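# Survey of secondary and tertiary structure
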Amino acid sequence: MKTADFDFDLPADRIAEHPVKPRDAARLLDVAERLHDRVVRDLPSLLEPGDLMVVNDTRVIPARLDGRRGEVRVEITLHKREGEREWATFARPGKRLKPGDVIAIADDFSAEVLSKDGMEVRLRFSAGGAELMAALHRHGRMPLPPYIRREADAQDASDYQTVFAAREGAVAAPTAGLHFTPELLAALDARGIRRVPVTLHVGAGTFLPVKVEDVAEHRMHSEWGEVPAETAEAINATRAAGGRIVSIGTTPLRILETAGLEDGTIRPFSGETDIFITPGYRFKIVDLLLTNFHLPRSTLFMLVCAFAGMERMKAAYAHAIAIHYRFFSYGDASLLRRAS
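- The name that an unreviewed UniProt entry assigns to the protein chain is S-adenosylmethionine:tRNA ribosyltransferase-isomerase, with the source organism given as Azospirillum rugosum.
- Recorded in UniProt under Subcellular location (unreviewed entry), the annotation for the protein chain is "Cytoplasm".

## Side note on the overall build of the protein chain
- Each helix and strand in the protein chain was counted, giving eight helices and 17 strands.
- Scaling as 2.2 N^0.38, a compact globule of 340 residues should have a C-alpha radius of gyration of about 20 Å, and the protein chain matches this with 20 Å.
- Classification of the 340 residues of the protein chain by burial places 54% in the buried group.
- Of the roughly 14,600 Å² of accessible surface on the protein chain, 50% is carried by carbon and sulfur atoms.
- One finds the centroid of the 45 positive side-chain charges in the protein chain at a distance of 2 Å from the centroid of its 48 negative side-chain charges.

## Topic: helix α8 (residues 310-322)
- The terminal C-alpha atoms of α8, which comprises 13 residues, lie 18 Å apart, in line with the 18 Å expected from a rise of 1.5 Å per residue.
- Along α8, the residues that are buried comprise Met313, Ala316, Tyr317, Ala320 and Ile321. End-on view of α8: buried residues confined to an arc of 130°, all on one side of the axis. Residues of α8 that are exposed and point over 90 degrees away from its buried face: Glu311 and Ala322.
- Where α8 is buried, its residues meet β1 (27-31), β2 (35-39), β16 (288-292), α7 (299-308) and β17 (333-337).

## Things to note about the pattern of salt bridges
- The final tally for this structure, using the stated rule, is 30 salt bridges.
- Close ionic contact of Lys21 with Asp159 constitutes a salt bridge, the shortest N to O distance being 3.4 Å. Of this pair, Lys21 sits in the segment before β1 while Asp159 sits in helix α3 (residues 156-159), placing them 138 residues apart in sequence.
- Where Arg337 meets Asp30, a salt bridge forms, and the shortest distance between an N and an O atom there is 2.2 Å.

Rules used throughout
- Residues numbered from 1 in each chain as written.
- Predicted model: local features only at pLDDT ≥ 70, side-chain atom pairs only at ≥ 80, totals over all residues.
- Heavy atoms only, no water.
- UniProt positions renumbered as here; feature names shortened; annotations may be inferred.
- Helix = DSSP H or I, 4+ residues; strand = E, 2+ residues; numbered from the N terminus.
- Rg over C-alpha atoms; globule rule 2.2 N^0.38 Å.
- Buried < 20%, exposed > 50% of the residue type's maximum accessible area, 1.4 Å probe, protein only.
- Areas by Shrake-Rupley, 256 points an atom, 1.4 Å probe, with all protein chains shown as cover.
- Lys, Arg positive; Asp, Glu negative; His and termini not counted.
- Charge placed at Lys NZ, Arg CZ, Asp CG, Glu CD.
- Expected span 1.5 Å × (residues − 1).
- Arc of directions from axis to C-beta.
- Contact = heavy atoms within 4.5 Å.
- Salt bridge = Lys/Arg side-chain N within 4 Å of Asp/Glu carboxyl O.

The following block contains the structure:
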């Protein structure tokens, strides 16, 4: 497969700069045998009692920092935790940074360059653990995706966080979860649809473009995730009873498929995943997927094509673009069924 096979034209005005209010008023493209235009608050009627929703409980940290190396301003975006004080990051401009350089962020907060590998810069911060998290909350800002052209503001501190957010560690939001409200959760409860958590600390690598022509040559950044024992038990019991597993976003799907076994059951899991799902992948766990609309030529568009079928997804995206669905992190959603 070629990366160009997953390209499409997306007008710039389809990219959402802010979320709709309330969250569950976002549009929902129901991709079944036919396409149906709905809203997210219709979700309870599209699921069945006994279905099990799996949500990502990761919490986005203020992962974007402004510092200086001498007189040069440096913008740092944390990417992946590597230790008590160490993070893999993306830095702009990063070309002149070299090991041993110190980036001053505040009077009592700095980072030393340990190494560079292409776009990635590994930093050791002057604080670690809870002290580092406190420093990020004092000096950092929400790491809005690169396709949102404005600076993050105070409202993004809540807008870019899901109602499920509990475990700090992500540097990008699991955006399908942004559509949920307490009222929608109550309606799902009343419908008899249970939910369980997994964790996948989303890294900034999720936004990196696929630069190779041959899809098989692309290498994913790894991310840390966990499937608790209670969640694995609930999934296995649901599947045994004939219920469906509904992944709220691509991040739960990726950790579920990492932990899934060939017989369709799942085990508890804690560790790194760099799973790369493309057409031809045989899904083991997830039956339905609620997800936002993704970038052209991206690993996530490849994933949804693998899940629901390439031709069906190309038709769905063409429809969404034609009638002005809102794309990407703050945009609208789609509900996909696994292709047989």
